[in-house]
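# Report on the structure
Spelled out, the chains give:
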Amino acid sequence: MPLVVVGSVAFDSVETPRATRERVLGGSAVYFSLAARFFTRVRLVGVVGEDWPPEYTALLQAQGVDTAGLQVVPGAKTFFWRGRYFSNMNERETLDVQLNVMAHFDPILPEDLRRCKFLFLANGSTKMQLNVLSQCVGPMLTVADTMDHWIRNEPQELRELMRRVDGLVLNDAEAKLLAEDENVLRAGRALLEMGPRFIVIKKGEHGAMFFSKHEMYVLPAYPTEQVEDPTGAGDSFARGMMGYLAEQADYTPETLKLAMAYGIVCAGFTVEDFSVDRLLKITRDDVQRRMEEYRRMLTF
Ligand code: AMP
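A few points on the structure. The model shown is predicted, which means the values in this text are computed figures rather than measured ones.

On to the side chain of Ser28, then. One can find Ser28 in helix α1 (residues 28-34). Engagement of the side chain of Ser28 in a polar contact is seen with the backbone oxygen of Asn123, the distance being 2.7 Å. Those residues in contact with Ser28 that lie beyond four places of it in its chain are Gly7, Ser8, Ala122, Asn123 and Asp235.

Printed below as a string of structure tokens:
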């Protein structure tokens, strides 16, 4: 079943202890669209400026992403993000965020996108996420991501969003910030009280935690020696998770746990190269092979 994603479409400049890349293809909706795109078709909703190279749109289309919802605004500049990773490659700081064209983006969804069954509100302005959610009629599953910028700048909108989505996915530092609690377990439970039916807290190289009214568990990350650029790992996680859920078209506890595992496997690929480079090379067989290895690792 097709999946609609709305989020940032960006130029990223990324600094790691070993290398720096300037203005590479990035953005939450882009990573989401390209990670394990073979699960189910993705329809992207986003906005770029006139500095956006048409080749990037062509690249997304060549990977099977439906870009009809990608608006190009003449005279405007594309969203830009610059981040620096610390030596542990697990933590990072944002050095610059230029919202540019995303600051005033008010998407109007075409009729067929409004009736989508699976909606992922990737990182982007909370107002934009709410706007898209309001236009959708009877989705089966809605999941949102957020980050420090929006937690600090659009807190009221974020509280409203949390009352209206099924799931919220965010990283551990963001969960602690939003819950105002330094203990990740208490933070997860506090976020659950704010509305969503489930919360996923991503913990980078330490995997991810799942919280619902009925259960809480932790899954480890897929171990890798080759960490080149962790950017987009969170969005790729979300893609693996949502892709599997959309494919299965249910969200029983068992399916949700397997979906978490697919998310972890997809995130594991992303970090192995800069930008979306690794994602462009993997096949469904690669994902399946890792999934089986991951399953073997966890069986005792
Ligand atoms: P992740 O590493 O999964 O958290 O996602 C990284 C991506 O998020 C980068 O490609 C950035 O372009 C994008 N990004 C960074 N800050 C923001 C923001 N405030 N809103 C939306 N997207 C962002």
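So, next bit.
Judged by pairing direction, the sheet is mixed, and its four strands sit side by side in the order β3-β2-β6-β7 without closing on themselves. In the strand order of this sheet, the two ends are held by β3 (20-26) and β7 (92-98), each with one partner. Neighbouring strand axes in the sheet, compared pairwise and without regard to direction, differ in orientation by 20° on average. With six bridges joining them, strand β2 (residues 10-15) and strand β6 (residues 79-85) adopt parallel strand pairing. Within β6, the position partnered with Ser13 by the bridge is Arg82.

Once that is clear, we can look at the pairing of strand β9 (residues 141-145). Among the five residues that make up β9, five are buried, leaving the element largely enclosed by the rest of the structure. Side chains Leu141, Val143 and Asp145 project from β9 onto one buried face, and the interleaved Thr142 and Ala144 project onto a second face that is buried too. As judged from the four bridges shared by strand β8 (residues 118-121) and β9, these two strands associate in the parallel manner. Residue pairing for β9: Phe120 is matched across the bridge by Val143. Crossover handedness for the path β8 to helix α4 (residues 126-135) to β9: right-handed.

Further remarks concern helix α6 (residues 155-164). Among the residues of α6, those classed as buried are Leu158, Leu161 and Met162. For α6, the angular spread of the buried residues around the axis is 100°, confining them to a single face. Along α6, exposed side chains directed more than 90 degrees from the buried face belong to Gln156 and Arg163.

As a further point, take the site of the ligand. Within the structure, the ligand sits among 19 residues, and Ser8, Asp12, Gly27, Arg92 and Gly232 are positioned closest to it. At a separation of 2.4 Å, an oxygen atom of the ligand approaches a polar side-chain atom of Asp12. A distance of 3.0 Å separates an oxygen atom of the ligand from a polar backbone atom of Gly234. When the free accessible area of the ligand is taken as 510 Å², the share hidden by the protein chains comes to 96%. Of all the elements in the fold, those that place two or more residues in the shell around the ligand are β2, β6, α5 (148-153) and α9 (233-248). With three residues, α9 is the single largest residue contributor to the shell around the ligand. Classifying every residue of the shell around the ligand gives seven nonpolar, nine polar and three charged.

Conventions used here
Residues numbered from 1 in each chain as written. Predicted model: local features only at pLDDT ≥ 70, side-chain atom pairs only at ≥ 80, totals over all residues. Heavy atoms only, no water. Helix = DSSP H or I, 4+ residues; strand = E, 2+ residues; numbered from the N terminus. Polar contact = N/O pair within 3.5 Å; in protein donor to acceptor, adjacent residues only side chain to side chain. Contact = heavy atoms within 4.5 Å. Pairing = 2+ DSSP bridges. Axes fitted to C-alpha atoms, helices over the stretch in contact; angles between N-to-C directions. Buried < 20%, exposed > 50% of the residue type's maximum accessible area, 1.4 Å probe, protein only. Right-handed = clockwise from strand over helix to strand, strands pointing away. Arc of directions from axis to C-beta. Near = heavy atom within 4 Å. Areas by Shrake-Rupley, 256 points an atom, 1.4 Å probe, with all protein chains shown as cover. Nonpolar A, V, L, I, M, F, W, Y, C, P; charged D, E, K, R; others polar.

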